[in-house]
Amino acid sequence: MPLPDPIADAFRRQADACRDLGSPFTAMVCELLGERLRPDSAFGRRIAEWPGQPVTDALALRACGSLHALSRSGRCPPLAAAYPTSCSTADAVWTAIQVAIAGHDRFLTAYLDSPPQTNEVARSGMILGGCLTIAETFRLPLEIYEIGSSAGLNLGFDHYRYELGGRSWGPPASKVRITTRWEGPVPLDAPLTVVRRQGCDRNPLNPGSPADRDRLLSYIWPDQADRLARIDAALRVAASARQEVDRADAADWVERRLAGTPTPGRVRVLLHTVVWQYLPVETQHRIETALHQAGEAASQTSPLAWLRVEPDGLPGSAGIRLTLWPSGETLLLGRADYHGRWSRWNTAAQQREMPSPVH
């Protein structure tokens, strides 16, 4: 019996997204699972009988992550041999997947419990552009508060080296190097200083834990060697920095962080990248309420900023939006590839000509 149509369709949609984002191998794995997986194993039954929303729950990426984790572990040599090679054919990969399911059904099934956490470090480029804009606007040091931080890799965005298509930013000796194509004006010379950085996640990962590192790397698509190497380097930097991420509900955490009296002479910045869509509507509402309440008390000496890089209905890219208080103005800074391969930044006039509802 094939997978139910909504679940098979979720795997097909994820395959299309993976192909668009430069991972033909992961696209092939999604297609194979969607077309050939049967509920004759615990892994297959769990997927076929998924109780939630397969797209919203990223079911296809959970399944791909489980197989990649097993292949990286070395405990299933046939799967490791097929993950990935230049001559990996669909039939050969499917045969390896069948061997993996037969021998490691319990491991693969249990891996589906956790949603993917990619903690894509190249998104730090969008954070950098947004924070440089904030720094230029207020000429004050920044306090960074990130929700959905995972292992906290993007909290250290200002410690990385960026190659921006003819321009550079950041310490030349940094072990984390992000190469991306930037188009449009960004104030690279703005005086950026981060004086506090904190993050939260419902399931934070410890960059110093081998098990947590392996889990995070399992969600990086196996045919994207540059991403794997970059995130591995960022994990090592984060482990050395001992940057901790709080285990907390996002709304509870934001309410606590914004309820206190702000420190004069600093900008409080709430940021998130590709997180908002996974939050319940009630959580979104509480965060927006906390921001607007804190915004009412903001001033030019104690400003507040909300920086987010999130899907907004336009296919193929995320909108980079910034709301600033005390003015309450929302700007569309630009657009970016979900994996940080490129970003296009708007001029000041364009930011105001293309308003977007706060969401």
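Going by the structure above, here's the rest.
Everything numeric here is computed off the predicted structure, so don't read it as measured data. (Residues numbered from 1 in each chain as written. Predicted model: local features only at pLDDT ≥ 70, side-chain atom pairs only at ≥ 80, totals over all residues. Heavy atoms only, no water.)

Novice: Pulling in residues and values, what's your account of the sheet that holds strand β6 (residues 194-201)?
Specialist: Strand order in the open sheet formed by 9 strands is β5-β12-β11-β10-β9-β8-β1-β6-β7, with mixed pairing between adjacent strands. In the strand order of this sheet, the two ends are held by β5 (181-183) and β7 (245-247), each with one partner. For this sheet the average axis-to-axis angle between neighbouring strands, irrespective of direction, equals 20°. Sheet topology places β6 next to β7; 3 bridges connect them, and they run parallel. (Pairing = 2+ DSSP bridges. Helix = DSSP H or I, 4+ residues; strand = E, 2+ residues; numbered from the N terminus. Axes fitted to C-alpha atoms, helices over the stretch in contact; angles between N-to-C directions.)

Novice: Can you explain the packing of helix α8 (residues 210-218) against helix α9 (residues 225-241)? Please cite residues and give values.
Specialist: In the contact formed by α8 and α9, the axes pass within 10 Å of each other and the chain directions differ by 155°. When the axes of α8 and α9 are compared, the pair comes out roughly antiparallel. You can see that α8 and α9 cross each other, and the crossing is right-handed. Counting all contacts with α8, which are made through Arg213, Leu216 and Leu217, the residues of α9 involved are Leu228, Ile231, Asp232 and Leu235. Considering only residue class, the contact of α8 with α9 consists of 5 nonpolar, no polar and 2 charged. (Parallel < 35°, antiparallel > 145°, perpendicular 65-115°, else oblique. Left-handed = near helix turned anticlockwise from the far one by under 90°. Contact = heavy atoms within 4.5 Å. Nonpolar A, V, L, I, M, F, W, Y, C, P; charged D, E, K, R; others polar.)

Novice: An account of the sheet that holds strand β4 (residues 177-179) is needed here, citing residue identities and associated values.
Specialist: In a beta sheet, neighbouring strands pair by backbone hydrogen bonds and run either parallel or antiparallel. The sheet built from 3 strands is open, its strands ordered β3-β2-β4 with mixed pairing. Whereas interior strands pair on both sides, the edge strands pair on one side only; in this sheet they are β3 (168-169) and β4. With 2 bridges connecting them, strand β2 (residues 161-163) and β3 associate as antiparallel partners. Looking at β3, one finds that Glu163 is bridged to Ser168. Contacting β2, β3 and β4, helix α7 (residues 124-138) crosses the sheet at an angle of about 95° to β2.

Just geometry here; none of it tells us what the structure is for.
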